[in-house]
Amino acid sequence: MKVSPAEQHERLGSTQERARELAQKGAPEGTLVVAREQTGGKGRLGRAWASPTGGLYLSLVLRPDEGMLKRASISLVAALAASEALDATARVSTSLKWPNDIVLHGKKLGGVLADLVREGKDSYLILGVGLNVNTARDAFPAEVRTLATSLAIEKSATFSTDEVLEHFVSHFEGHYESVRKGSGALLLSRAADRMTTLGSRVRVKVAGRTIEGKASGLNATGALVVELDDKKREILYAGDVEELRSL
Ligand code: BTN
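Just so we're clear, the structure is a prediction, and the values are computed from it rather than from any experiment.

Novice: Even after reading the chapter, I still don't get the site of the ligand, so can you show me in this structure?
Specialist: If you check the shell around the ligand, you find 20 residues, and the closest are Ser-14, Thr-15, Lys-42, Arg-44 and Lys-108. One of the backbone nitrogen or oxygen atoms of Arg-44 is found 2.7 Å away from an oxygen atom of the ligand. In isolation the ligand has 410 Å² of accessible area, and contact with the protein removes 98% of it. Of all the elements in the fold, those that place two or more residues in the shell around the ligand are α1 (15-24), β3 (56-62), β6 (107-119) and β7 (122-131). Split into classes, the residues belonging to the shell around the ligand amount to six nonpolar, ten polar and four charged.

Novice: It is not clear to me how the environment of Ala-85 should be interpreted in this structure. Could you clarify?
Specialist: You can see Ala-85 is positioned in helix α3 (residues 74-90). With 78 residues separating them along the chain, Ala-85 and Glu-163 place their C-alpha atoms 8.3 Å apart. Ala-85 has contacts with Val-164, His-167 and Phe-168, leaving out every residue within four places of it along the chain.

Novice: Could you clarify how one ought to interpret unusual backbone geometry in this entry?
Specialist: Negative phi characterises most residues that are not glycine, and trans characterises most peptide bonds. Here the residue pair Trp-98 and Pro-99 is connected by a cis peptide bond, since its omega of 10° sits within 30 degrees of zero. Position of Pro-99 relative to the elements: it lies in the loop between β4 (95-97) and β5 (101-104). In this structure, Ser-156 is a non-glycine residue whose phi angle is positive, near 50°. Tracing the backbone shows Ser-156 in the loop between α4 (151-155) and α5 (161-180). Look at Lys-231: it is not a glycine, yet its phi comes out positive at around 75°. Position of Lys-231 among the secondary structure elements: in the loop between β10 (224-228) and β11 (233-236).

Novice: Quick question: what am I supposed to make of the pairing of β6 here?
Specialist: As a general feature of sheets, a regular strand has side chains that alternate between the two faces. Sheet analysis places β5 next to β6, joined by four bridges and oriented antiparallel. For Leu-104, the partnering residue across the bridge sits in β6 and is Lys-107. Hairpin connection, β5 to β6: the antiparallel pair is bridged by two residues, and His-105 has positive phi, about 50°. Looking at chain direction, β6 and β7 are connected through ten bridges and run antiparallel. Residue pairing in the sheet places Arg-118 in a bridge with Ser-123 of β7.

Novice: Where do I start with the packing of α3 against helix α6 (residues 185-193) in this structure?
Specialist: The packing of two helices is summarised by the inter-axis angle and the distance between the axes. Relative orientation of the contacting elements α3 and α6 amounts to 60°, with a least axis distance of 10 Å. The angle between the axes of α3 and α6 places the two elements in the oblique class. Judged by the sense of rotation from one axis to the other, the crossing of α3 with α6 is left-handed. Two secondary-structure elements touch here, α3 through Leu-76, Val-77, Leu-80 and Glu-84 and α6 through Leu-187, Leu-188, Arg-190 and Ala-191.

Calculation notes
Residues numbered from 1 in each chain as written. Predicted model: local features only at pLDDT ≥ 70, side-chain atom pairs only at ≥ 80, totals over all residues. Heavy atoms only, no water. Near = heavy atom within 4 Å. Polar contact = N/O pair within 3.5 Å; in protein donor to acceptor, adjacent residues only side chain to side chain. Areas by Shrake-Rupley, 256 points an atom, 1.4 Å probe, with all protein chains shown as cover. Helix = DSSP H or I, 4+ residues; strand = E, 2+ residues; numbered from the N terminus. Nonpolar A, V, L, I, M, F, W, Y, C, P; charged D, E, K, R; others polar. Contact = heavy atoms within 4.5 Å. Pairing = 2+ DSSP bridges. Axes fitted to C-alpha atoms, helices over the stretch in contact; angles between N-to-C directions. Parallel < 35°, antiparallel > 145°, perpendicular 65-115°, else oblique. Left-handed = near helix turned anticlockwise from the far one by under 90°.

Shown next as structure tokens:
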């Protein structure tokens, strides 16, 4: 897969929606839509994604086959690529929080949203990545101000969003190819190494219930393995994780 920049917008409702329109019209795998600001950014679990100017917002059209979808979490390897891109641009050490948040100094620096669309025989994955590069603290809405951060806030400097994008694209192209070839295991272990969630006691909200236990690892596809207090194990494919404390 080669990423091919199709559209670059100063301001857009949502790159996710735009990439989906392009995919519906047959846009090939690798089609990239970028925006500098979004007025209707979408987050995971139906939430809004605050997208003020200063951030990097992108969506990619992917057309993985069924086998590839089963092999490894594409959104997790995208989060790994984003984390690596931010580290390379700003010389920081970002971490990951399961399922695919990018975190710096305990606050959220970016997120990944994967929308799998099936339309008749056609199916595609719209992969969205939002990264807070130069976002000013007061540009975040009040309700996320204590939870979110940006590279600029943490490093008191401004960074090139184009450089972050270039690093992301080159890392993600490589990772996607590895998953396609069936050699994604190494990537998952690299993602696991960056994941603050593992080894922590967690409370996870998933499909209307809450479970608590120790996040002990990732399975071969990137799902979270949680050991419950009665020693039973749960394998989680989605959910909202609260890290209670390191064990
Ligand atoms: C999350 O909730 O953590 C995921 C956020 C993903 C946001 C990105 S920004 C680019 C793309 N366009 C959207 O509307 N959402 C995704």
